[in-house]
Amino acid sequence: MNHEFAGEHMCPKYEGAINVLGKRWTGLIIHVLLRGTVRFKDIREMVPHMSDKMLSERLKELEELEILERRVYPETPVRIEYELTEKGKDLRPVIDSIHEWGQKWM
């Protein structure tokens with residue numbers, strides 16, 4: 001054990017960020033949303049191994065965290081689009097860094 005860190009606690013804000021980004025599928029969803037406004041089917045096509053139920057749950061979580069915005073257009077049929085908020089767009093360097101690390105080491 002490194003005694004230099006003994007007794008120190010993890011920063012709660014860092015821990016919160018890791019808890020959000022560390023959830024399965026969340027980083028991939030954000031990666032897709034960084035391209036711009038998308039619909040549910042667009043995300044599903046780009047992240048094909050995720051169930052519709054899981055995608056719905058993650059989108060709802062990200063909306064509650066104000067990382068994305070869900071827009072409903074009262075057309076026939078109803079059109080729903082998802083777009084990152086400023087808070088979500090601020091994740092670009094984080095997602096880019098993870099991508100670069102993955103390219104180098106995975």
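Our structure is the block above this text.
Parameters and conventions
Residues numbered from 1 in each chain as written. Predicted model: local features only at pLDDT ≥ 70, side-chain atom pairs only at ≥ 80, totals over all residues. Heavy atoms only, no water. Helix = DSSP H or I, 4+ residues; strand = E, 2+ residues; numbered from the N terminus. Rg over C-alpha atoms; globule rule 2.2 N^0.38 Å. Buried < 20%, exposed > 50% of the residue type's maximum accessible area, 1.4 Å probe, protein only. Contact = heavy atoms within 4.5 Å. Areas by Shrake-Rupley, 256 points an atom, 1.4 Å probe, with all protein chains shown as cover. Lys, Arg positive; Asp, Glu negative; His and termini not counted. Charge placed at Lys NZ, Arg CZ, Asp CG, Glu CD. Core = buried A, V, L, I, M, F, W, Y, C linked by side-chain atoms within 4.5 Å. Pairing = 2+ DSSP bridges. Axes fitted to C-alpha atoms, helices over the stretch in contact; angles between N-to-C directions. Phe/Tyr/Trp six-rings, centres within 6.5 Å; stacked < 30°, edge-to-face > 60°. Lys NZ or Arg CZ within 6 Å of the ring centre and 35° of its normal.

Peer 1: Even after reading the chapter, I still don't get the overall build of the protein, so can you show me in this structure?
Peer 2: Helix and strand counts for the protein stand at six helices and three strands. The helix and strand sequence of the protein, counted from the amino end, reads α-α-β-α-α-β-β-α-α. Computed over C-alpha atoms, the radius of gyration of the protein comes to 16 Å, more than 25% over the 13 Å expected from 2.2 N^0.38 for 106 residues, which places it beyond the range of a compact globule. Taking the principal axes of its C-alpha atoms as reference, the protein extends roughly 65 × 30 × 25 Å. Buried residues in the protein amount to 25% of all 106 residues. Taking contacts inside the protein between residues at least 6 apart in sequence as the whole, the part at least 24 apart equals 46%. Here the protein displays about 8,000 Å² of accessible surface, and carbon together with sulfur accounts for 55% of that area. Across the protein, 17 positive and 19 negative side-chain charges occur, with their mean positions spaced 5 Å apart.

Peer 1: Would you explain the nonpolar core in this entry?
Peer 2: In globular proteins that are soluble, nonpolar side chains generally tend to be buried together. In this structure, Ile29, Ile43 and Leu59 are the most contacted members of the largest nonpolar core, which totals 21 residues. Sort the elements by how many residues they give to this core and helix α2 (residues 26-33) lands first, with four residues. Setting aside chain neighbours within four positions, we find Ile29 in contact with Ile43, Met50, Leu55, Arg58, Leu59 and Leu62.

Peer 1: Honestly, the sheet that holds strand β3 (residues 79-84) in this entry has me stumped. Any pointers?
Peer 2: In a beta sheet, neighbouring strands are held together by backbone hydrogen bonds and run either parallel or antiparallel to one another. Within the open sheet, the three strands sit side by side as β1-β3-β2. Their pairing is antiparallel. On the outer flanks of this sheet lie β1 (38-39) and β2 (68-73), each paired with one strand and no other. Here β2 runs beside β3; their pairing, made up of six bridges, is antiparallel. Across the sheet, the residue bridging to Arg71 is Glu81, located in β3. α2 contacts β1, β2 and β3 of the sheet and is inclined by roughly 100 degrees relative to β3.

Peer 1: Explain the pairing of β3 to me, please; I cannot follow it from the model alone.
Peer 2: Within a regular beta strand, the side chains point alternately toward one face of the sheet and then the other, so they alternate between its two faces. When β1 meets β3, the two strands line up antiparallel, connected through two bridges. Bridge pairing links Arg39 to Glu81 in β3. Here β2 folds back onto β3, and the loop between the two strands holds five residues.

Peer 1: Looking at this model, I keep getting lost on the packing of aromatic side chains. Mind explaining?
Peer 2: The description of an aromatic ring pair rests on the distance of the ring centres and on the angle between the ring planes. Under the counting rule described, the total for this entry stands at zero aromatic pairs. In this arrangement the basic side chain of Arg79 is found over the ring face of Tyr73, its NZ or CZ atom lying 4.1 Å from the centre.

Geometry only, nothing functional implied.
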